[in-house]
Amino acid sequence: MEDSWTSPAWELLLPALRAPRRQRRRLLESALRDAVRTGVIAAGTRLPASRALAADLGVSRGLVTGVYDQLRAEGYLAGRPGAGTYAAGGLAPPGPEPRPGAASGTAAAAGRADGAARPAVRFDFRPGQADPRLFPRAGWGSLYRQVLAGAPDSALSYGDSRGVPELRAALAEVLARRRGVVADPDRIIVCGGVAQAVSLLTRVLGAAGHGTIAVEDPGAPEHAMLVGTNGLRPLAVPVGDAGPDLSAVATRAALVTPAHQFPTGIAYPPEVRSRLVAWASTVDGLVIEDDYDGDFRYDRAPVGALQGLAPDRVAYTGSVSKSLASGLRLGWLVVPQRLVPAIVERKRADDLCGPVLEQRTLAAFLTSGRYDAHLRRCQRIYRARRDSLVAAVGRYLPAARITGVAAGLHAVLTLPGGDEVALADAARRGGVRLRGLRHYGSAAAPGFVFGYAHLTPDTITAGIAALAAAWRD
Ligand SMILES: Cc1ncc(COP(=O)(O)O)c(C=O)c1O
């Protein structure tokens with residue numbers, strides 16, 4: 001286990017010390033949060049004792065312990081006061097639904113890391129995953145066997161770096177029909193999820209002279225992490241109620257979630273969408289559209305992909321991570337024609353090509369109509385879970401406000417006057433794991449993001465009842 005500070009971490013903290021005294025704590029906290037989130041301070045690194053850090057930085061010890069407490073509550077740091085504080089590996093999504101009374105793997109691992117006995121996790125509402133139990137094992141398995149039986153020997157060799165042609169053709173049809181994407185197979189690159197798509201784009205933009213990419217605040221920590229680890233600087237831009245205002249930011253690229261903003265769950269209004277593509281034209285730049293859970297909506301009209309408005313200014317990316325299984329690592333990127341050669345070259349340099357048999361299986365899954373049927377089934381099930389969450393919150397937490405419920409796999413809960421850290425602590429003591437909105441950025445209001453798609457209606461209801469009891473106590 002690493003036991004020392006790296007110099008980039010120090011450099012990140014120093015600007016906070018030059019800030020006016022009133023802002024120091026907030027700035028120090030966000031610098032440390034960003035350093036853990038982006039991996040500048042690696043998971044497992046032991047942080048200095050609060051007394052030592054306070055002395056080194058020339059601030060009060062209370063300020064440092066306050067920062068450590070806050071980041072511990074948010075899951076960025078692990079450990080107990082007096083027993084060592086470590087950077088946590090906080091980006092992992094929650095594991096499968098825990099059995100009631102059993103600690104989840106994540107919690108067990110965290111318990112080992114900090115050596116402290118923690119209350120068992122009975123209900124894990126942290127967002128980030130669909131329900132893996134809905135994966136169509138039988139249908140996928142039979143198609144895979146058919147693909148394997150029918151594939152010529154040559155199909156077992158390296159494939160096209162852009163993705164197998166059958167899959168690109170099938171994706172062009174499905175993305176146009178379901179999401180309004182302007183896609184012809186020649187501009188589609190199959191990749192290992194949105195994660196690889198963002199990595200490829202970031203490096204291609206970097207090679208073309210970009211130094212920064214705007215990311216949403218609040219937003220997915222993965223976005224800042226992917227941009228940062230691929231050599232560009234993420235610039236957090238507040239999303240507010242009306243989407244990010246990029247006019248005041250010195251950058252020519254932005255990574256956004258316009259159809260279902262993560263984590264607030266809003267859909268960017270039409271004027272924000274128009275403003276985004278107009279901005280990209282004005283600065284001769286690029287909008288990267290992460291359509292991470294665009295397939296699920298319940299009671300609002302479909303919001304088509306932003307890419308459809310300006311295919312030459314928007315790079316569109318999505319994956320089967322929420323619709324089928326994140327472990328398949330299958331996603332896609334639809335890019336303006338001018339970027340195709342550089343992206344394909346980068347993809348070839350990365351891994352030669354994606355897994356051929358899985359790509360062919362997905363192509364068959366799409367063209368056979370099974371994908372549409374599977375999404376209809378999931379949509380029905382997730383809607384019932386969403387309804388259970390809304391009903392349980394109305395029943396057990398009547399003072400809470402629940403938003404972002406019209407689409408996606410999570411909702412946002414805010415409480416009048418609630419202190420996020422104290423409430424998360426109380427929930428944890430009651431066996432309920434939550435993720436505070438502060439985890440997703442400094443511009444977030446206090447609140448919690450509830451992932452519900454991986455939990456059954458009964459578990460959701462019991463979990464909200466347990467949460468209400470923990471908060472009452
Ligand atoms: C908003 C968002 N986009 C993209 C990803 C990564 O998705 P993929 O599995 O397609 O790489 C995540 C991962 O949790 C995410 O939260």
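Predicted model, so just to flag it, every value in this text is computed and none were measured. (Residues numbered from 1 in each chain as written. Predicted model: local features only at pLDDT ≥ 70, side-chain atom pairs only at ≥ 80, totals over all residues. Heavy atoms only, no water.)

A few words now on the overall build of the protein chain. Secondary structure assignment for the protein chain yields 16 helices and 16 strands. A compact globule built from 473 residues should have a C-alpha radius of gyration of about 23 Å, and the protein chain, at 23 Å, falls within 12% of that. A total of 473 residues make up the protein chain; the buried ones form 55% of that total. By sequence separation, contacts in the protein chain at least 24 residues apart represent 73% of the contacts at least 6 residues apart. By element, 55% of the accessible surface of the protein chain is carried by carbon and sulfur atoms, the whole surface being about 19,500 Å². A gap of 4 Å separates the mean positions of the 57 positive and 43 negative side-chain charges of the protein chain. (Helix = DSSP H or I, 4+ residues; strand = E, 2+ residues; numbered from the N terminus. Rg over C-alpha atoms; globule rule 2.2 N^0.38 Å. Buried < 20%, exposed > 50% of the residue type's maximum accessible area, 1.4 Å probe, protein only. Contact = heavy atoms within 4.5 Å. Areas by Shrake-Rupley, 256 points an atom, 1.4 Å probe, with all protein chains shown as cover. Lys, Arg positive; Asp, Glu negative; His and termini not counted. Charge placed at Lys NZ, Arg CZ, Asp CG, Glu CD.)

The next point concerns the pairing of strand E10 (residues 314–319). A large share of E10 lies buried, amounting to 6 of its 6 residues. Neither face of E10 is exposed, since Val 314, Tyr 316 and Gly 318 on one face and Ala 315, Thr 317 and Ser 319 on the opposite face are all buried. In this sheet, E10 lies alongside strand E9 (residues 286–290) in parallel orientation, the contact comprising 4 bridges. By the bridge assignment, Val 287 is partnered in E10 with Val 314. In terms of strand pairing, E10 meets strand E11 (residues 331–334) through 4 bridges, oriented antiparallel. (Pairing = 2+ DSSP bridges.)

Every residue close to the ligand is listed here: Gly 193, Val 194, Ala 195, Ala 220, Glu 222, His 223, Asp 290, Tyr 292, Ser 319, Ser 321 and Arg 329. A distance of 2.5 Å separates a nitrogen atom of the ligand from a polar side-chain atom of Asp 290. Here Ser 321 contributes a side-chain N or O atom positioned 2.6 Å from an oxygen atom of the ligand. For the ligand, whose accessible area on its own is 410 Å², the fraction buried by protein is 88%. The set of elements that each furnish at least two residues to the shell around the ligand consists of helix H8 (193–207) and helix H9 (221–229). Partitioning the shell around the ligand into residue classes produces 4 nonpolar, 4 polar and 3 charged. (Near = heavy atom within 4 Å. Polar contact = N/O pair within 3.5 Å; in protein donor to acceptor, adjacent residues only side chain to side chain. Nonpolar A, V, L, I, M, F, W, Y, C, P; charged D, E, K, R; others polar.)

Tallied over the full model, the rule gives 8 aromatic pairs. Centroid distance Phe 262 to Tyr 440: 5.3 Å. Interplanar angle 85°. Geometry classified as edge-to-face. Of this pair, Phe 262 sits in the loop between strand E8 (253–256) and helix H10 (270–282) while Tyr 440 sits in the loop between strand E15 (435–436) and strand E16 (448–451); the two residues are 178 residues apart in sequence, bridging distant segments of the chain. Like Tyr 440, Phe 262 is buried. Plain terms: the ring middles of Phe 365 and Tyr 371 are 6.4 Å apart, the flat faces sit at 75° to each other, and that makes the pair edge-to-face. Look at Phe 365 and you get buried, because its relative accessible area is 2%. For Tyr 371, a relative accessible area of 3% corresponds to the buried category. Among the aromatic side chains, those forming a connected cluster through ring pairs are Phe 135, Trp 140, Phe 365 and Tyr 371. (Phe/Tyr/Trp six-rings, centres within 6.5 Å; stacked < 30°, edge-to-face > 60°.)

Ile 464 and Trp 471 are the most contacted members of the largest nonpolar core, which totals 63 residues. When residues of this core are assigned to their parent elements, the largest contribution, 7 residues, is made by helix H14 (residues 370–396). Taken domain by domain, this core gets at least three of its residues from each of domain 2 (124–133 + 373–472) and domain 3 (137–368). Filtering out sequence-adjacent residues up to four positions away, Ile 464 remains in contact with Phe 125, Leu 389, Ala 392, Val 393, Tyr 396, Leu 397 and Phe 450. (Core = buried A, V, L, I, M, F, W, Y, C linked by side-chain atoms within 4.5 Å. Domains from an automatic or database assignment.)

A word on the environment of Gln 196. Relative to the helices and strands, Gln 196 resides in helix H8. For Gln 196, a relative accessible area of 13% translates into the label buried. Distance from Gln 196 to Trp 332, taken between C-alpha atoms, is 9.1 Å for residues 136 residues apart in sequence. Ignoring anything within four residues of it in the chain, the contact list for Gln 196 reads Cys 191, Lys 347, Asp 350 and Asp 351. Only 3.1 Å separates the side chain of Gln 196 from the side chain of Lys 347, close enough to count as a polar contact.

Our next topic: the packing of helix H6 (residues 137–150) against helix H13 (residues 356–367). Put simply, H6 and H13 touch, their axes get as near as 9 Å, and they point 120° apart. Comparing their axes, H13 and H6 come out oblique. Here H6 and H13 pass one another in a crossing that is right-handed. On H13, the residues that touch Trp 140, Leu 143, Tyr 144, Val 147 and Leu 148 of H6 are Leu 357, Glu 358, Arg 360, Thr 361, Leu 362, Ala 364 and Phe 365. (Axes fitted to C-alpha atoms, helices over the stretch in contact; angles between N-to-C directions. Parallel < 35°, antiparallel > 145°, perpendicular 65-115°, else oblique. Left-handed = near helix turned anticlockwise from the far one by under 90°.)

Here we come to the sheet that holds E15. Taking strand neighbours across the sheet as the criterion, the 4 strands line up as E12-E13-E16-E15 in an open arrangement whose pairing is antiparallel. Here the strands that pair on one side only, and so sit at the sheet edges, are strand E12 (401–403) and E15. Where E15 and E16 come together, 2 bridges link them in antiparallel fashion. The partner of Gly 436 across the bridge, within E16, is Phe 448.

In this fold, Gly 430 is placed in the loop between helix H15 (420–429) and strand E14 (432–433). Residue classification places Gly 430 among the buried positions, given a relative accessible area of 18%. Sequence spacing of Gly 430 and Ala 468 is 38 residues, and the spatial spacing of their C-alpha atoms is 9.4 Å. Setting aside residues up to four positions removed in sequence, Gly 430 forms contacts with Arg 122 and Ala 470.

This next bit is on the domain arrangement of the protein chain. When the domains of the protein chain are assigned, the result is domain 1 (1–90), domain 2 (124–133 + 373–472) and domain 3 (137–368). For domain 1 and domain 3, the distance between their C-alpha centres works out to 34 Å.

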